[in-house]
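Residue-level listing of the chains:
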Amino acid sequence: MPALALQHVNKFFGQGTSRVQVLNDVNFATQPGELSLVLGPSGSGKSTFLTIAGGIQTPTDGRVTVDGQALASMAAKDRDKLRLHQIGFILQAHNLVPYLTVRDQFALVDRVKPQGNLSPVALHQLLDELGIAPIVDQYPGNLSGGQSQRVAIARALYQDPAIILADEPTAALDSDRVKVVGRILQQLAQDHHKAVVVVTHDLRLREFADHVYQLMDGQLTLEA
Amino acid sequence: MFLALKEIRHEKLRYGLIIGMILLISYLVYVLSGLAYGLAQQNTQAIDSWQAQSVALDKDANVSLSQSLITADTADKMTLKRSQAYLGQAGVVAKASQRPNLSAQFLGLQPQQFISRNLTLTAGHKARNDRQIVADTAFQQQGYKLGDRVTLNSVDGKYTIVGFTKNAKLSVAPVVYGTLGAWRTLRGVTPAFKASAVVSQRAHQAVPSPLKTYSTQTFINKLPGYSAQNTTFTFMIGFLMIIAVVVIAVFLYILTMQKLPNYAVLRAQGIPSKFLVSTTLSQAFILVVGGLVLGALLTVATMRILPLGVPISFNLPLLAGVTGGILLTGILGALIPVKLILKVDPVTVIGG
């Protein structure tokens, strides 16, 4: 059973003459242990794809399942719970709560999800790997763009989700850091058996992916 | 509470200013409530001390003690019980050598009737003849002493202060208790008149025409200026409560607007709206409680430096009511930005 699947998903925005099709008969499936890369230029529908995959938006038609459960049949509250427990989001902007130190960003997760998060040892390892262990007492306002992005990655991984959905996770990183993040995402897929989906236009992540998709004008195609 | 406390600690100046606003509002509400209660007390202290339930007055006196007179003929038709007492009222100005002039309410009593019987003195003894008086401690505060010989209303002869009693004020003036004989002299009436009113500790008293019985509350409400003064204070306090709601709502609304992108991320990550709503409400709670505590401390400090003559007074139910009112209005104010949180769309933060 795929960890995440989209079947014949279409998404339209607007009405009448201003009606626009953003996703066109998208089919996608990813298994635990796979890192899937969805490449596409701005406006290609990457974000819509990601929000529908994460249950934040509903498709106009088609079916989305997470671990075999159809999202359409879930109440909004249950979709919130699913995102909290099974999906980790790594977002581009406003990732961090500005008035929480790096350490408190993880404490916040503990407040809403007391169990099933990384152990303190595993968290420390992750922070070391991302090179952000020395800045745990800093506020986001004191961090560089790259540091903020790495903290956001760590924060998403801290929930230990089965599925990781990342929106441009390397947008603010230099090539060395891209490799670190790429390797972490790859390890999460391979060693920790997670399904990782990354939407990006950063071709530097291509070498870490098991599958590379191209999203162009709402149509998703798997690269050979 | 976690996010609320963390944010307040991080944004000390911003939240300090909000707490400062609530402090000023609560301070004003406390002081106004204290003044309203203090003034109300000074209108009714004497009546409260009698623990009376009803007052019988001339039915044409418009429920006014100063306008009411009971003739001896009418009084002869009544046999007063232990729970009833005659009361004669006259407005007076007290003068004594080397003492300030004081406006007061002279209340003539009949010895052995319950008001006189229950009169508690802080010094001296009760009036034993028509030339002896017992004065409220306000006279003491103005320098009057036991044994002082006082002129009342330029009436011939002097009255001697033989006792002091506390909490004896009527219509915001200190009370001077004396005899009904002295009252007749001060009021300028002949022995054909017995008193101004019959006060009773029972709610119902059978009285002959032309007397009519009123409840003590009706009697108090008709005291000159009493209702108007209370209504004015109630309106002022009410408006301040409304201002408190608006201030808290506006501040929290603006702060919530600024935090919407963060909330959208948290919603995308599956943090329930309930958690974010409870954060906003607990933040409002902390801000209001902080403002109230500081406002209360400032009020206590103010009370300590106010001159004795300022009629400010508090009691626990009043404080609890005012505090609860501001707290409730603060939480109500915080419900307005809650709508924003419930509508936050996580899609807005996923773009590119």
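Cut-offs used in this document
- Residues numbered from 1 in each chain as written.
- Chains lettered and ligands numbered in written order.
- Predicted model: local features only at pLDDT ≥ 70, side-chain atom pairs only at ≥ 80, totals over all residues.
- UniProt positions renumbered as here; feature names shortened; annotations may be inferred.
- Helix = DSSP H or I, 4+ residues; strand = E, 2+ residues; numbered from the N terminus.
- Buried ≥ 20, exposed ≤ 12 C-beta atoms within 10 Å, placed from the backbone.
- Contact = placed C-beta atoms within 7 Å.
- Nonpolar A, V, L, I, M, F, W, Y, C, P; charged D, E, K, R; others polar.
- Core = buried A, V, L, I, M, F, W, Y, C linked by C-beta atoms within 7 Å.
- Pairing = 2+ DSSP bridges.
- Axes fitted to C-alpha atoms, helices over the stretch in contact; angles between N-to-C directions.
- Parallel < 35°, antiparallel > 145°, perpendicular 65-115°, else oblique.
- Left-handed = near helix turned anticlockwise from the far one by under 90°.
- Domains from an automatic or database assignment.

For chain B, the name recorded in an unreviewed UniProt entry is Putative hemin transport system permease protein HrtB, with Levilactobacillus namurensis DSM 19117 as its organism. Of the comments in the UniProt record for chain B, the one headed Subunit (unreviewed entry) reads "The complex is composed of two ATP-binding proteins (HrtA), two transmembrane proteins (HrtB) and a solute-binding protein." Looking at the Function (unreviewed entry) heading of the UniProt record, one finds this comment for chain B: "Part of the ABC transporter complex hrt involved in hemin import. Responsible for the translocation of the substrate across the membrane."

Looking up chain A in an unreviewed UniProt entry gives the name Putative hemin import ATP-binding protein HrtA, with the organism given as Levilactobacillus namurensis DSM 19117.

Caption draft 1: Quick look at the overall build of chain B. When helices and strands are tallied, chain B shows 10 helices and 13 strands. For chain B, the spread of C-alpha atoms along the three principal axes comes to 100 × 45 × 25 Å. Taken over 352 residues, chain B has a buried fraction of 40%. Contacts in chain B between residues at least 24 apart in sequence constitute 84% of all its contacts with a sequence separation of at least 6.

Caption draft 2: Fine view of the interface of chain A and chain B. Between chain A and chain B, the contact holds 28 residues from the first and 21 residues from the second. Split by residue class, the side of chain A that touches chain B holds 13 nonpolar, seven polar and eight charged.

Caption draft 3: Representation of the nonpolar core. Val 38, Phe 49, Ala 53, Leu 165, Leu 185, Val 196 and Val 198 of chain A are the most contacted members of the largest nonpolar core, which has 76 residues in total. A total of seven residues in this core trace back to one element, the largest contributor, which is helix α5 (residues 145-158) of chain A. Apart from residues lying up to four places away in sequence, Val 196 of chain A is in contact with Leu 35, Ser 36, Ile 164, Leu 185, Leu 188 and Ala 189 of chain A. Core analysis: the second largest hydrophobic core is formed by 52 residues, Val 55, Ala 94, Phe 164 and Ala 168 of chain B among them.

Caption draft 4: Spotlight on the pairing of strand β12 (residues 197-200) of chain B. Residues and elements named next belong to chain B. Neither face of β12 is open: one carries Ala 197 and Val 199, the other Val 198 and Ser 200, and all of them are buried. Both strand β1 (residues 54-58) and β12 contribute to a ladder of three bridges, which runs antiparallel. What sits directly across from Ala 56, in β12, is Val 198. Relative to β12, strand β3 (residues 84-95) is paired through four bridges, and the arrangement is antiparallel. Note that in β12 the partner of Gln 84 across the bridge is Ser 200.

Caption draft 5: Seen up close, the packing of helix α2 (residues 12-50) of chain B against helix α10 (residues 316-343) of chain B. Residues and elements named next belong to chain B. Two elements in contact, α2 and α10, have axes whose closest approach is 11 Å; the angle formed by their N-to-C orientations is 150 degrees. Here α2 lies roughly antiparallel to α10, going by the angle between them. Between α2 and α10 lies a crossing whose hand is right-handed. Only Leu 318, Val 322 and Ile 326 of α10 make contact with α2, whose side of the interface consists of Ser 26, Val 29, Tyr 30, Ser 33 and Tyr 37. Here the contact of α2 with α10 is composed, by residue class, of six nonpolar, two polar and no charged.

Caption draft 6: Here's a closer look at the domain arrangement of chain B. Residues and elements named next belong to chain B. The assigned domain composition of chain B is domain 1 (2-43 + 227-349) and domain 2 (69-195). The centre of domain 1, based on its C-alpha atoms, is set 48 Å off from the matching centre of domain 2. Between domain 1 and domain 2, the contact holds four residues from the first and four residues from the second. The residue inventory of the side of domain 1 that touches domain 2, partitioned by class, reads two nonpolar, two polar and no charged.

Caption draft 7: Focus on the environment of Ala 168 of chain B. By secondary structure assignment, the location of Ala 168 of chain B is in the loop between β8 (159-165) and β9 (169-170). In sequence terms Ala 168 of chain B and Ala 46 of chain B are 122 residues apart; their C-alpha atoms lie 4.4 Å from each other.

Caption draft 8: Structural view of the packing of α2 of chain B against helix α8 (residues 226-268) of chain B. All names here are of chain B. Across the interface, α2 lies against α8 with an axial gap of 10 Å and an inter-helix angle of 170 degrees. Between α2 and α8, the interaxial angle falls into the category roughly antiparallel. From α2, Ile 18, Met 21, Ile 22, Ile 25, Leu 28, Val 29, Leu 32, Ser 33, Ala 36, Leu 39, Ala 40 and Asn 43 reach across to α8, where they touch Tyr 226, Gln 229, Asn 230, Phe 233, Met 236, Ile 237, Leu 240, Ile 243, Ala 244, Val 247 and Phe 251. Classifying every residue of the contact of α2 with α8 gives 19 nonpolar, four polar and no charged.

Caption draft 9: Up close: the sheet that holds strand β4 (residues 61-66) of chain A. All names here are of chain A. What the four strands build is an open sheet, ordered β2-β1-β4-β5; its pairing is antiparallel. At either margin of the open sheet sits one strand with a lone partner, and together these are β2 (20-30) and β5 (69-70). As judged from the five bridges shared by strand β1 (residues 4-13) and β4, these two strands associate in the antiparallel manner. From the neighbouring strand, Ala 5 faces β4, where its bridge partner is Thr 65. The sheet strands contacting helix α1 (residues 46-53) are β1, β2 and β4, and the helix crosses β1 at an angle near 125 degrees.

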